[in-house]
Every structure is written in structure tokens, then in C-alpha cells.
Amino acid sequence: MEWTAMEINPEMMSKLGVGESWHFVDVLGLEGEQLSAVPRPCCALMLLFPLTQQHESFRQQQADKVAENSEVYFLKQTVVNSCGTIALLHAVANNKSKLTFDTDSALKKFLDETANMSANDRAKHLEKNQAISEAHNEVAVQGQCRPEADKVNFHFIAFVNVNGQLYEFDGRMNGPVNHGGTKDESFITDAAKVCRGFMEREQGEKNGNPACAPAF
């Protein structure tokens, strides 16, 4: 199964019935002054980066660091080109208590239906969810950047503060990675530090360094 390749688009939130009390902002850099421009509190940070051999080797080394925590909502990515929406789902699902939803929110319905499922069963449920796939594809064709499906080699992940722990959510893995303690006031700085690790691993890579997507 394959969805339309897309750039992350804040409009996806309203399409899926998430209230307007929270919104995305662009993160222009990972250093102090640039991070200080991000409004607080910040619930999640999303990162876009190239899928390179360096990254795949690093992921193999991380296999034993996958966390098993029933308090964390995680789902596998089984649909091609769905990583932006998967990252959004991870950001919203793990901040569900802080958000408001429209009464007919397709995303709220999906999260309620999958609350007690395994990561793999959640993925299967997403494959069948017409409302979310239609919202994804509709937003994808409206983006300023129209990536060609056979040339997509970039990937979205999300970082979220869940009960004082900094988790990294990547649907290509078997679970989230716990990067240790964090606080609301330091979350964006702590997450940026992990993001800088992605950049350092890709020094000299012809596709360039990872680019931060919105924080929310």
C-alpha cells in the first residue's frame, strides 16, 4: 500500500479534526537563539532527514534500545510515504490529554479505536482508515513541494515528552527510543540535542544534513 508523497503540512491537523488550541511552528535551527524563538510550552518536535547507509547502520545499533512502555502510544509504519502522517499521529497521540478535538474528528476516533492495540494492529487499522488516507493524499497534492514518488528518500520522525521522558518515535522501528529525562521547559533543547546527533552522523553525505520540520 502506498500513499502520495508529501511535505508536512499544518493543515493536516484541521483536516483530522484537531482543535486550534495548539499549532505547528517552523524551527529554523537547532542552536540557542533559534530554539528560543519556538513558543513554549512545546509538545513535540518533528525531524526530516535523509535515509542513508550511515543512518541504517546506526538504526541496527539501536535495535536493543527500543523501549517497551504501555504509557507510550506507538504504531508501525506499513504504508509507503506515510511517515509524515505517522509522525503527526505519534505527536498527537502522546499529547492527547492536552488537545481538543472536533466532535467528528477522524483522528480522535482512530486513537480511541486503537488505544489498546499492539503497534502492528494499529498499523493494520491505519491501512484500512479511509478518512486519514484521504486527508493525507488531499494535503499532499496541495503542498508547495511535490516530491516524485520514486525519488523520495527522506523520512519524518517525532520527538515527544511523555511523562518526563524524551521519546523518539520512528514508525520504521519496532518501538520508541527513550533518550532519558526531560522537562517541559527543557524539552525543545533536549530534543534538538538528539537531532544534532542525526546531523553529525551525516557529515559529508551528498543529500545534505537533516532539516527540522515543525514543532508543536
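Residues numbered from 1 in each chain as written. Predicted model: local features only at pLDDT ≥ 70, side-chain atom pairs only at ≥ 80, totals over all residues. Heavy atoms only, no water.

S.K.: Looking at this structure, how should I read the pattern of salt bridges?
M.R.: This model, assessed by the stated rule, comprises 3 salt bridges. The shortest N-O distance in the salt bridge between Lys15 and Glu138 comes to 2.5 Å. Highlighted residues: Lys15 in helix H1 (residues 11–15) and Glu138 in helix H7 (residues 130–140), separated in sequence by 123 residues. When its relative accessible area of 32% is taken as the criterion, Lys15 is described as partly exposed. Between Asp112 and Lys108 there is a salt bridge; the shortest N-O distance is 2.8 Å. Taken together, the residues span about one helical turn, with Asp112 and Lys108 both in helix H5 (residues 106–114) at a distance of 4 residues. When its relative accessible area of 39% is taken as the criterion, Asp112 is described as partly exposed. Beyond isolated ion pairs, a larger network of salt bridges with shared partners links Lys96, Lys108 and Asp112. (Salt bridge = Lys/Arg side-chain N within 4 Å of Asp/Glu carboxyl O. Helix = DSSP H or I, 4+ residues; strand = E, 2+ residues; numbered from the N terminus. Buried < 20%, exposed > 50% of the residue type's maximum accessible area, 1.4 Å probe, protein only.)

S.K.: What exactly am I supposed to notice about the pairing of strand S2 (residues 154–162) here?
M.R.: Residues in a regular strand project their side chains so that they alternate between the two faces of the sheet. Of all 9 residues making up S2, 8 are buried, and the element is well covered by its neighbours. Sheet topology note: the strand S1 (residues 44–50)/S2 ladder contains 7 bridges and is antiparallel. Each residue of the ladder has a partner; that of Leu45, found in S2, is Phe159. In this sheet, strand S3 (residues 165–169) lies alongside S2 in antiparallel orientation, the contact comprising 5 bridges. Following the sheet pairing, Val160 is matched in S3 by Tyr167. Linking S2 to S3, which pair antiparallel, is a turn of 2 residues; within it Asn163 sits at a positive phi near 55°. (Pairing = 2+ DSSP bridges.)

S.K.: Sorry if this is basic, but what is going on with the environment of Asn81 here?
M.R.: Summarising the element assignment, Asn81 is placed in the loop between helix H3 (53–61) and helix H4 (83–93). Placed 80 residues apart in sequence, Asn81 and Met1 show a C-alpha to C-alpha distance of 9.3 Å. Reaching out from Asn81, the side chain makes a polar contact with the backbone oxygen of Trp3 at a distance of 3.0 Å. (Polar contact = N/O pair within 3.5 Å; in protein donor to acceptor, adjacent residues only side chain to side chain.)

S.K.: What should I look at first to understand the environment of Lys76 in this one?
M.R.: In this fold, Lys76 is placed in the loop between H3 and H4. A C-alpha to C-alpha distance of 7.4 Å links Lys76 and Arg122, two positions 46 residues apart in sequence. Beyond its immediate stretch of four places on either side in the chain, Lys76 contacts Ile86, Ala119, Asn120, Ala123, Gly171, Arg172, Met173 and Asn174. Of the polar contacts made by the side chain of Lys76, one reaches the backbone oxygen of Met173; its length is 3.1 Å. Among the polar contacts listed, one links the side chain of Lys76 to the side chain of Asn174, at a separation of 3.2 Å. (Contact = heavy atoms within 4.5 Å.)

S.K.: Explain the UniProt feature "site: Important for enzyme activity" (unreviewed entry) in the protein chain here, please?
M.R.: Per the UniProt record, the feature "site: Important for enzyme activity" (unreviewed entry) sits at Asp170. Mapping Asp170 onto the fold places it in the loop between S3 and strand S4 (177–181). Of the polar contacts made by the side chain of Asp170, one reaches the side chain of His155; its length is 2.7 Å. (UniProt positions renumbered as here; feature names shortened; annotations may be inferred.)

S.K.: Would you mind going over unusual backbone geometry with me for this structure?
M.R.: Excluding glycine, a negative phi dihedral is what most residues carry, and trans is how most peptide bonds are arranged. That bond from Arg40 to Pro41 is cis: its omega, -5°, falls within 30 degrees of zero. Mapping Pro41 onto the fold places it in the loop between helix H2 (32–36) and S1. Even without glycine at this site, Asn81 takes up a positive phi of about 70°. The class for Asn81 is buried, based on a relative accessible area of 12%. For Asn163, which is not glycine, the phi torsion reads 55° and is therefore positive. Note that Asn163 resides in the loop between S2 and S3.

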